Amino acid sequence: MSAHRLPAPWGTRLDRAARVPFSFDGRDFEGFAGDTLASALLANGVRLTGRSFKYHRPRGVFAAGVEETSTLVDVGEGAYRSPNENAATLELVPGLTASSVNRWPSLRFDFGAINARLAAVLPAGFYYKTFKWPDWHWYEPSIRRMAGLGRVANASDPDRYEEIAVEVDVLVVGAGLAGLCAARAAAEAGARVRVLAAGPQPGGALAYRDPQRARELAASAERAGARIATRTLAFGVYDHGLVCAREKLVEQDGAQRPRLRERLWKIRARAVIAATGAFERPMVFPDNDRPGVMLAGAVEEYARAFGVACGRRVVVAANCDSAYDTARSLREAGMEVVAVVDRRREAERGRDPGPGTRVIAGAGLSAVFGRNGVSGCSVRQDAAPTGRAERLDCDLIASAGGFAPAVHLHSHAGGRLRWLDAEAMFVPDGPAGVVVSVGACAGVFDATAAAEHAELAGRALARGERLPPWPAPGIGRSLAHTALSGARGKQFVDLQNDVDLGDVALAARENYRSVEHLKRYTTTGMGTDQGKTSNVNALVALGEFSGREPAAVGTTTFRPPFVPVTLGTFVGRRTGALYRPLKRLPAEAWHVERGALFEQFGNWWRPAAYPQPGEDLHAAAQREAAAVRRGAGLMDGSPLGKLDVFGPDAAAFLDLMYVGTVSTLKAGQARYGVVLNEHGVVMDDGIVARLADNRFWVNTTSAGVERTAAAFEEWLQCEYPQLRLCITPVTSHYGNVTVAGPRAWAWLASIGFDAALAPKAMRHMTLREATWEGTPLKVMRASFCGELSYEINLPVDRTRALLDRLWARAAEFEAVPYGIEALEILRTEKGYLHVGTDTDGTTLPGDIGMARGVERKAANFVGRRSLLRPAALDPNRFVLVALDSADGRTLLPVGAQIAPEPPPTRTQGHVTSSYFSPTLGRPVALAMLERGGSRVGERIKVHHLGRVIEAVVTRAPFVDPEGRRIDGEE
Amino acid sequence: MLRIRCIHCGPRDENEFVCGGTSHLTRPPLGASDGEWAEYLFFRDNPKGLHLERWRHAQGCGAWFNLARHTVTHEILAVYPITERPPAIVERTPPSAEGSR
Amino acid sequence: MGDLEAALAPVSADGIEAILERDWHVAALRYFAVHGDLIEALAKCGLGLPALGQAVEARGPGGAHFLLAARSPTETWVMTRDGAAFGALAAQLAPCVDGCLVDQSGGLWPVRVRGARIEELLTRIGSTAALVAAGAAHVTRIAELTVMVAAPGDGAERLLLVDRVYAPHLFGWIRATVADL
């Protein structure tokens, strides 16, 4: 094999004393600490590292940074498997286990290679044209299986992630020469400066070209006060100076234990200096994707930073003066530079490769030999397009096509780009919001000029002064289009997605002339690299095929993230128990001790039921509901929303907020109320009680308390700021024990409740303040189940005591704890609606039987005008009705549609609530039904997943229609 | 994520706030025609440029206030109390299509 | 979902501690304008309304130690460990018409956070708005909840006032974050 290690001092990042064992595709290898997986594979002579996405062509390491696309690997096993990691940025650690992707059964013998022979039917956009007859669904599974590269783990991510927020004055993204100079200057000028380096050490290219200078520069920046963060990559610039970065905390070393893996940085910066460098453009020539074709700068980086010579005999394909510096470096490393094949004419070259190196100017590569690895190439001159091509023996082709400044952060911030004809590159056209570019990413390549400009820029930003002008690129001339005319074979533009010049030509021919269409039609630039090495070549080629200059073709818009980011990094701590904030009951432990089955209702964690041994949820709910109707039960009503409304204008305000009238309540009286929005739609309901002249106790639904309180606040602050009242949510201040059933009072009396609260003394829908064993209570007689019912509100730290005392006497009254499921059964038996279940975003008060209440109220209220709209007065509206199952047995499924014919047809409504009634021994249901009010007694059809169930429209309540049970046992 | 300057609390992250839509709407009286009422309920301007809107500092001081925002650049030109008219704001030239998102 | 009491146990590690303090009486003072009989009644108790953004320590009825912080332009939270003084304050304010006292002792729970690494914790569970200066207090978003952060006195410690029903969620974030500090 031709790639090999170089002796020290080559390999500035290596610690040769620390050997690192790792495995790739099941084979064991060794590298050094400081290697990346890619450099270690190269050093071990591994030439074949991947198979291309579509054609499964053999590929090898191509680049040395985030722009690498040919060496994507899956790392780790089991739940720790991380797919599509970039081997060129993956730090080598002991135990690293990696496997190549997109090949079966192996890299060397990949069945997918058949695709290369099918290339004619797999061009860009093939799935729009082929594999469609007789039915494209036949081919879809196979095509889908072809897609994708690595494999995802089949288990939850066991690692942890966190986030952190920070504010800085100047954020410098990139710790190369320009970045460090800017950072030092800004820090010396007094700014709080943070520098982000994506790799394990600062310095950028300087770190391997002049390590001593890089160390000194970083140290001087830190002495000035700048903080340098490593392994932290800024992936996006967002609004108002927000920059997000991903910090890698551990590397994938095969350790199968959960760790804090990544940290999301949310950085608010007054100014952002982008010092992100530039990507090298690949040259376009036939078979420019073979293993052994690499970016020239990468070849140099592997030699200097990692001590790896990527070959022994190299041909440099050049379109830029940088190629000559690279040629010199490679000769220093002991490689034979066979020739520099310069695409540009003699007059356009600005550099010499040094004595002894052959230069062929005005020429390009017309072929590459060697399928699994470069073995030679042929060169043709522009001046002699039909003459004989000259064959050169080589095992490495270094591609130096020019540079493309990494303008991503500038673009995220909305910045504009300018095309430079001479250098064939897009550069930032001035600053973009708070983002100022320096160094190569600003199109400034001369080291001295870049360092000086960066210092001036850093100082200016720190002081809030005017920015210095940008110097000239200083990089010499590069051609835009590098392909040889008349060259034959696959000339790749986008390596990752296998897009070649032919695909670009096809797009142009089919009139996909916009660069946006080119991208989507050919998929160029849509891979994990997002076109870092393909964007410019692609748009230049499109320009060639459609007769336009590159500046006229333009680029697509760069959007965050700059590199793929683990989903866990965005999720952070929001998993498992912390997935969403859940509200907890004050005496939760009491319910746990009673065997409660907890579930999430809205954002409350509360008992659905209390199953006894052998019971499932359904059986428990049936038993509990029956027990409440027979004797007594207690429920934790703490989640019920409670608002304290105080002030001289409280009554008038509530009259505005509610459909009913609140101001006529006397102290101690309560009334059911419904709140609408301005569209007249029912938003919330609850009981309002008057505590005093200027004070009200407002109940809302459990799930709607924040929404309703917010609506009240909005009206108060925005529309009625002159009204004197305040709304204070007090739900959490109270515990609530709701005791219901015919024997509810007897049970309460048995533990010492004041006789003034007895049903004879305290009427239904009233509120009394009382004490029990010194504990102050607010007791309301209100019932959602239809039985005698007391809602007892008391301090949270006394809730447990009340529960314990009641429970001690429960057996005498055959009393049970009951949960939400039983409550739903009980309230459905009474035909009581649940906002959001039996109502939706269209339900008006008239649809739920409140039309007369609206008519009776003369005063205005929120939503009133909307109740007079034609849609509101439409006699065909869906209204809430009660349904009996026709056969008395079959439960009507919730959500089942009602219509005379089976679907597809127009719906006449749907079932909203449905339970088996233990009281009646048959199912009961509520539904929204078109013209339901005039269809009582009618037999209707309910449709569910192909079944038809017959039901009869009836009147609610199903149980105790006269409401005689409300005062309990006499 | 925007950085919004609450009129009471100063600059905070956008996720502390709730947006309340267009501000300074005139509610037609009860006697308005169905068309006027529907116009008020359902129709809004969607300007490319200056937009006056209401925000609530829900996870802060809870106050409602007005805010003038450029809908393309998200530049916040002013914040002012909910009951007040907008201050004299000079409309900036909207950015050209090339630079906008 | 795990044991509730265990979820509220103190968090303790090198340089950081978070403890739920359940012995405070907390109330919301509500008012329509900064003039009116509520202000007079407060003054009679030796207390005044702080400016928005301030955490004020004062001596109330019987010389008891009180902490006050404005939650909004129409709401101030007041807290004390002295039950008798709290009751006296409530009684003094009961007849007011320009404002009222709403007991929130069961609804607002203070979590005391102390240690050298307070800033590291707060910027991980909240934003930089959680870094309240000494003598300041304001409401911000922490652990996705609405929380008041107060830095009474010299600001060495912080008090986080959180809705009781969400206290386990806040502690969950703190515990998980501190474990990785």
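Reading the values: rules and limits
Residues numbered from 1 in each chain as written. Chains lettered and ligands numbered in written order. Predicted model: local features only at pLDDT ≥ 70, side-chain atom pairs only at ≥ 80, totals over all residues. Heavy atoms only, no water. Helix = DSSP H or I, 4+ residues; strand = E, 2+ residues; numbered from the N terminus. Buried < 20%, exposed > 50% of the residue type's maximum accessible area, 1.4 Å probe, protein only. Lys, Arg positive; Asp, Glu negative; His and termini not counted. Salt bridge = Lys/Arg side-chain N within 4 Å of Asp/Glu carboxyl O. Contact = heavy atoms within 4.5 Å. Buried area = accessible area lost by both parts, 1.4 Å probe. Polar contact = N/O pair within 3.5 Å; in protein donor to acceptor, adjacent residues only side chain to side chain. Nonpolar A, V, L, I, M, F, W, Y, C, P; charged D, E, K, R; others polar. Pairing = 2+ DSSP bridges. Axes fitted to C-alpha atoms, helices over the stretch in contact; angles between N-to-C directions. Expected span 1.5 Å × (residues − 1). Arc of directions from axis to C-beta. Phe/Tyr/Trp six-rings, centres within 6.5 Å; stacked < 30°, edge-to-face > 60°. Lys NZ or Arg CZ within 6 Å of the ring centre and 35° of its normal.

Moving on to the side chain of Glu423 of chain A. All names here are of chain A. Secondary-structure assignment places Glu423 in the loop between β26 (417–420) and β27 (425–428). One buried charged side chain, Glu423, makes no salt bridge at all; its nearest oppositely charged neighbour is Arg477, positioned 7.1 Å away. Setting aside chain neighbours within four positions, we find Glu423 in contact with Pro473, Ile475, Gly476 and Ser478.

It is worth spelling out the interface of chain A and chain C at this point. You'll often see interface size given as the accessible area lost when the parts meet. Listed per partner, the contact involves 42 residues of chain A and 36 residues of chain C. Buried surface at the junction of chain A and chain C, summed over both partners, amounts to about 3400 Å²; 57% is from carbon and sulfur atoms. Inspection of the region where chain A meets chain C yields five salt bridges. Taking the shortest distance from any N to any O, the salt bridge between Glu144 of chain C and Arg574 of chain A comes out at 2.9 Å. Linking chain A to chain C there are 20 residue pairs in polar contact (both at pLDDT 80 or more). Mapped onto the side of chain A that touches chain C, the elements with two or more residues apiece are β9 (160–173), β14 (260–274), β31 (583–584), β33 (604–609), β35 (641–646) and β39 (726–729) of chain A. Element by element, the count of residues in the side of chain A that touches chain C is highest for β9 of chain A, at seven residues.

Attention now goes to helix α8 (residues 296–306) of chain A. Most of α8 of chain A is tucked away: 10 of the 11 residues are buried. Along α8 of chain A, the positions that sit buried rather than exposed are Ala296, Ala298, Val299, Glu300, Glu301, Tyr302, Ala303, Arg304, Ala305 and Phe306 of chain A.

Take the interface of chain A and chain B next. Facing the 28 residues of chain A at the interface are 27 residues of chain B. At the junction of chain A with chain B, the criterion picks out six salt bridges. The residue Asp13 of chain B makes a salt bridge to Arg268 of chain A at a minimum N-O spacing of 2.9 Å. For the pair chain A and chain B, the number of links is 17 residue pairs in polar contact (both at pLDDT 80 or more). Element by element, the count of residues in the side of chain A that touches chain B is highest for helix α20 (residues 705–719) of chain A, at seven residues. Per-class residue counts for the side of chain A that touches chain B are 10 nonpolar, seven polar and 11 charged.

Another aspect to go through is unusual backbone geometry. Residue and element names in this part refer to chain A. Cis geometry marks the peptide bond from Ala8 to Pro9; its omega dihedral reads 10 degrees. Positive phi is not limited to glycine here, since Gln530 has a value of about 50 degrees. Within the secondary structure, Gln530 is located in the loop between α13 (515–522) and α14 (535–546). Among the residues examined, Gln530 registers a relative accessible area of 35% and is labelled partly exposed.

Residue and element names in this part refer to chain A. Reading across the sheet, the five strands line up as β36-β37-β38-β35-β39 and stay open at both edges, with antiparallel pairing between neighbours. What marks the edges here is a single partner per strand, and that holds for β36 (670–676) and β39. Neighbour-to-neighbour, the strand axes of this sheet turn through a mean angle of 30 degrees, independent of strand direction. The sheet contact formed by strand β37 (residues 682–692) and strand β38 (residues 695–700) spans four bridges and is antiparallel.

Next up on the list: the sheet that holds strand β6 (residues 72–75) of chain A. All names here are of chain A. Strand order across the open sheet formed by five strands is β3-β2-β8-β6-β7, with mixed pairing between neighbours. Taken across any chain shown, the strands that pair with only one partner, and hence form the sheet edges, are β3 (27–33) and β7 (82–86). When strand polarity is set aside, the average angle formed by the axes of neighbouring strands in this sheet is 40 degrees.

Here we take up helix α7 (residues 211–223) of chain A. All names here are of chain A. End to end, α7 covers 18 Å across 13 residues, agreeing with the expected 18 Å (1.5 Å per residue, within 8%). Buried within α7 are the following residues: Ala214, Leu217, Ala218, Ser220 and Ala221. Down the axis of α7, the buried side of the element spans an arc of 165 degrees, and every buried residue falls inside it. Exposed and facing more than 90 degrees away from the buried side of α7 are Arg215 and Arg223. The elements touched by buried residues of α7 are α5 (177–188), α6 (206–209) and β11 (227–229).

What follows deals with the packing of aromatic side chains. Residues and elements named next belong to chain A. Summed over all chains, the structure comprises 20 aromatic pairs over all chains. The interplanar angle of 65 degrees and the centroid separation of 4.9 Å between the aromatic rings of Trp419 and Phe426 together place this pair among those described as edge-to-face. Residue class for Trp419 comes out buried when judged on its relative accessible area of 13%. Here Phe426 falls in the buried class, since its relative accessible area comes to 10%. Taking the centre distance of 6.0 Å and the plane angle of 35 degrees together, the rings of Phe753 and Trp772 count as tilted. Remark: Trp772 occurs in strand β41 (residues 767–772) and Phe753 occurs in the loop between α21 (744–750) and β41; sequence separation between them is 19 residues. As far as the burial class goes, Phe753 and Trp772 line up, both buried. Through a chain of ring-to-ring contacts, the aromatic side chains of Phe653, Tyr658 and Phe712 assemble into a single cluster. Positioned above the aromatic ring of Trp590 is the side chain of Arg594, whose terminal nitrogen or guanidinium carbon lies 4.8 Å from the ring centre.

Remember, this is a structural readout, not a statement about activity or role.
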